[in-house]
Amino acid sequence: TYGYGLKIKDTLYYRFIATNGALKDTLIVTLPVNSQVIEAYKTTSVYSDILKNKLNLNTNTHYADSDVDGKGEIVFKDATSGFEKEGTTAIDFVKVGSLSSEEDHVNTSDKFYKEKDLLAIMRVYDVGTKTTSVDNPIKDDLYVYKITRDSKTTYGLIKIGDIETVTVNSNTSTILNIEFGEGEIK
């Protein structure tokens, strides 16, 4: 199969014909060429509120700024209404730019997000400029990330949603809505 130049979304067809004297049987096998994908996206928010400004992407759980157990993996970044790695978390991010050099099924932001293709996410991450913080994100921005937990490396994708400012009792806070998903490449 390596000589065929197959790509993701191609289909390989095999036809087997068995004969024995006058008997003949034909079997056709269809093999789709698929990638590994993120199972599903989760929806959450990253809050400026110090009672829940840290987020663990693995468990989709929020923690207070006072949490010192290292449970949070990213934390709201007040100066830019973005987020950054928390503590010693082994995570960094790459902003998704032009995808025109990617395969047809992931060559636009909409397709890239919809397909959830982990191999494409890894490619974009590998060639991108890594940073440990996301500054001044805007709605529909995409960021790929790589995180290592317990010696396992996982790749993920974050899509920025609405950015809200809420005032309660003269206290103003920012809510950065996101959709994200991740998976381990096997």
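To be clear, the structure that these remarks concern was listed above.
About the criteria used
- Residues numbered from 1 in each chain as written.
- Predicted model: local features only at pLDDT ≥ 70, side-chain atom pairs only at ≥ 80, totals over all residues.
- Heavy atoms only, no water.
- Buried < 20%, exposed > 50% of the residue type's maximum accessible area, 1.4 Å probe, protein only.
- Helix = DSSP H or I, 4+ residues; strand = E, 2+ residues; numbered from the N terminus.
- Pairing = 2+ DSSP bridges.
- Salt bridge = Lys/Arg side-chain N within 4 Å of Asp/Glu carboxyl O.

Colleague: Which residues make up the pairing of strand β10 (residues 142-149), and what are the values?
Modeller: Burial analysis of β10 places six of its eight residues in the buried class, which makes it a mostly covered element. Across six bridges, strand β8 (residues 90-95) lies against β10 in antiparallel orientation. When the sheet's bridge partners are listed, I91 is paired in β10 with I147. Judged from the eight bridges that link them, β10 and strand β11 (residues 152-168) form a sheet pairing that is antiparallel. Paired with V144 across the bridge in β11 is L157. Where β10 folds back onto β11 in an antiparallel hairpin, the turn is made up of two residues, including D150, whose phi is positive at roughly 50°.

Colleague: Explain the pattern of salt bridges to me, and be specific about the residues and the numbers.
Modeller: Using the criterion set out here, one finds nine salt bridges in the structure. Of the charged contacts, one joins E103 and R123 as a salt bridge, the two residues approaching to 3.9 Å between their closest N and O atoms. Residue E103 is found in the loop between β8 and α1 (109-115), and its partner R123 is found in helix α2 (residues 118-127); the two are separated by 20 residues along the sequence. With relative accessibility at 25%, the residue E103 sits in the partly exposed group. The class of R123 is partly exposed, set by a relative accessible area of 30%. The partner of D140 in a salt bridge is K159, and the shortest N-O contact between them spans 3.9 Å.

Colleague: For the pairing of strand β12 (residues 171-183), give the residues involved together with the corresponding values.
Modeller: Within a regular beta strand, the side chains point alternately toward one face of the sheet and then the other, so they alternate between its two faces. Relative to β12, strand β3 (residues 42-47) runs antiparallel, the two sharing six bridges. What sits directly across from S45, in β12, is N177. Bridging between β11 and β12 involves 12 bridges; their strand directions are antiparallel. Its bridge partner lying in β12, V166 is registered against S173. Where β11 hands over to β12, the hairpin turn is made up of two residues, of which N169 adopts a positive phi near 50°.

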